[in-house]
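# Remarks on the overall topology
For reference, the chains in residue letters:
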Amino acid sequence: YANSGGWPVNAQQYNRNRPDRRTTAWVLILLKAHAWNGGKSNATALEEAPNFILAAQRLAPPLTERLKEAAKAHEEWAPRLRRGEIPPPETRDLLNEHFEYTRQCADAGGFGVDTLGITSGGATAIGLYTLGLMAQPDAERQQAAAQALTRLPLNYEAQRFFEAQFFAVRGLHYYSETWRSGDFLAYMNRLLTLLEQRQAADGSLPPGSRGVEEINQMERVYSTAMAVLIVNCNRGLLVSDRQPY
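We now turn to the structure provided with this report. The structure displayed is predicted, hence computed values, not measured ones. (Residues numbered from 1 in each chain as written. Predicted model: local features only at pLDDT ≥ 70, side-chain atom pairs only at ≥ 80, totals over all residues. Heavy atoms only, no water.)

Moving on, we come to unusual backbone geometry. Negative phi values dominate among residues other than glycine, just as trans dominates among peptide bonds. For arginine 160, which is not glycine, the phi dihedral falls at a positive 60 degrees. Checked against the element boundaries, arginine 160 lands in the loop between α6 (139-151) and α7 (161-179). Positive phi outside glycine occurs at arginine 180, with the angle close to 55 degrees. Within the element layout of this structure, arginine 180 appears in the loop between α7 and α8 (183-198). Given a relative accessible area of 67%, arginine 180 falls into the exposed group. (Helix = DSSP H or I, 4+ residues; strand = E, 2+ residues; numbered from the N terminus. Buried < 20%, exposed > 50% of the residue type's maximum accessible area, 1.4 Å probe, protein only.)

What follows deals with the layout of surface pockets. A volume near 710 Å³ is recorded for the largest pocket. Lining the largest pocket are 35 residues, with Val113, Ser120, Gly122, Ala123 and Ile126 sitting closest to its centre. Among the elements of the structure, α1 (21-36), α2 (43-54), α5 (121-133) and α7 are those that each provide at least two residues to the lining of the largest pocket. With six residues, the top contributor of residues to the lining of the largest pocket is α5. (1 Å grid on protein atoms, 1.4 Å probe; cavity = no way out; pocket = protein on both sides within 12 Å on 5 of 7 lines; lining within 4 Å. Points joined across faces, edges and corners; volume = space filled by probe spheres on them.)

Right, let's get into the side chain of serine 223. Assignment of secondary structure puts serine 223 in helix α10 (residues 220-231). Overall, serine 223 belongs to the buried group, its relative accessible area being 0%.

One can describe the packing of α7 onto α8 by two numbers: an axis separation of 8 Å at closest approach and a directional angle of 155 degrees. The angle between α7 and α8 falls in the class roughly antiparallel. You can see that α7 and α8 cross each other, and the crossing is left-handed. Note on element contacts: α8 touches α7 through Asp183, Phe184, Tyr187, Met188, Leu191, Leu194 and Leu195, opposite Phe161, Phe162, Gln165, Ala168, Val169, Leu172, His173, Tyr175 and Ser176. Each residue belonging to the contact of α7 with α8 can be placed in one class, and the counts come to twelve nonpolar, three polar and one charged. (Axes fitted to C-alpha atoms, helices over the stretch in contact; angles between N-to-C directions. Parallel < 35°, antiparallel > 145°, perpendicular 65-115°, else oblique. Left-handed = near helix turned anticlockwise from the far one by under 90°. Contact = heavy atoms within 4.5 Å. Nonpolar A, V, L, I, M, F, W, Y, C, P; charged D, E, K, R; others polar.)

We now examine α2. For α2, spanning twelve residues, the distance from its first C-alpha to its last is 17 Å, which sits close to the expected 16 Å at 1.5 Å a residue. Listing the buried residues of α2 in full gives Ala45, Ala49, Pro50, Phe52, Ile53 and Leu54. Here the buried face of α2 lies against α1, α5 and α6. Regarding α2, its N-cap is asparagine 42, as a side-chain oxygen of that residue lies 2.8 Å from the backbone nitrogen of threonine 44 further along. (Expected span 1.5 Å × (residues − 1). Polar contact = N/O pair within 3.5 Å; in protein donor to acceptor, adjacent residues only side chain to side chain.)

Next up on the list: the environment of arginine 210. As for its placement among the helices and strands, arginine 210 is situated in the loop between α8 and α9 (213-218). Each C-alpha atom, one on arginine 210 and one on alanine 158, is 9.0 Å from the other, the two residues being 52 residues apart in sequence. When residues no more than four places from it in sequence are discounted, the contact partners of arginine 210 are Asn216 and Glu219.

Okay, the side chain of threonine 124 next. Tracing the chain through its elements places threonine 124 in helix α5. Of the polar contacts made by the side chain of threonine 124, one reaches the backbone oxygen of serine 120; its length is 2.7 Å. Not counting chain neighbours up to four residues away, the residues in contact with threonine 124 comprise Gly109, Gly110, Phe111, Ala145, Ala148, Leu149 and Leu152.

Below you can see the structure in the form of structure tokens.
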């Protein structure tokens, strides 16, 4: 699922073999809403597409005996390293493995724009939303994704900020309703504070980043409309927001 199972940004020939996770999430919304309204959707598509998105999640590596040994070596050598001591080569290898393991654990739960890239708030929001939309039963993956999303900073000037928040609040709402957590309310309080700080006197919101062509063209019409959908995500305005829990 590293590069198959999703939909491309457009149907141009050069894009047909380059599926995009953001586009795939939007198509999943359409297909699920169609199904909830009594329509029929291709069962294979509804299985392959989520797996394509979920393949980009970073999961914590298993804690092996070798890594336990590396953790002990780090505990022993951390004060000695601060004093300037140089460990022998075999200990240095253990320390490097420990540092790499802790780095992977710090990213655990987050999603990348692909299976190799670094994690991002937008990709993690889409991943968490997909886990909820498709009612994935893996509680550990959902918890890891929710924790990764809530510890990321809110950057109003990020590209596609409003699209990311559209998925973020819905993903956290699915998660909080399913597992009875307070993550959605805590995140929404942070987000509402940020939106209130940016809102103009006429009620509109600026689009933030100017790096996306279609957002530049729509400007405040897009960002303000998306803000309405974001702050009302738990009121069932959209068919896809009315999923039975």
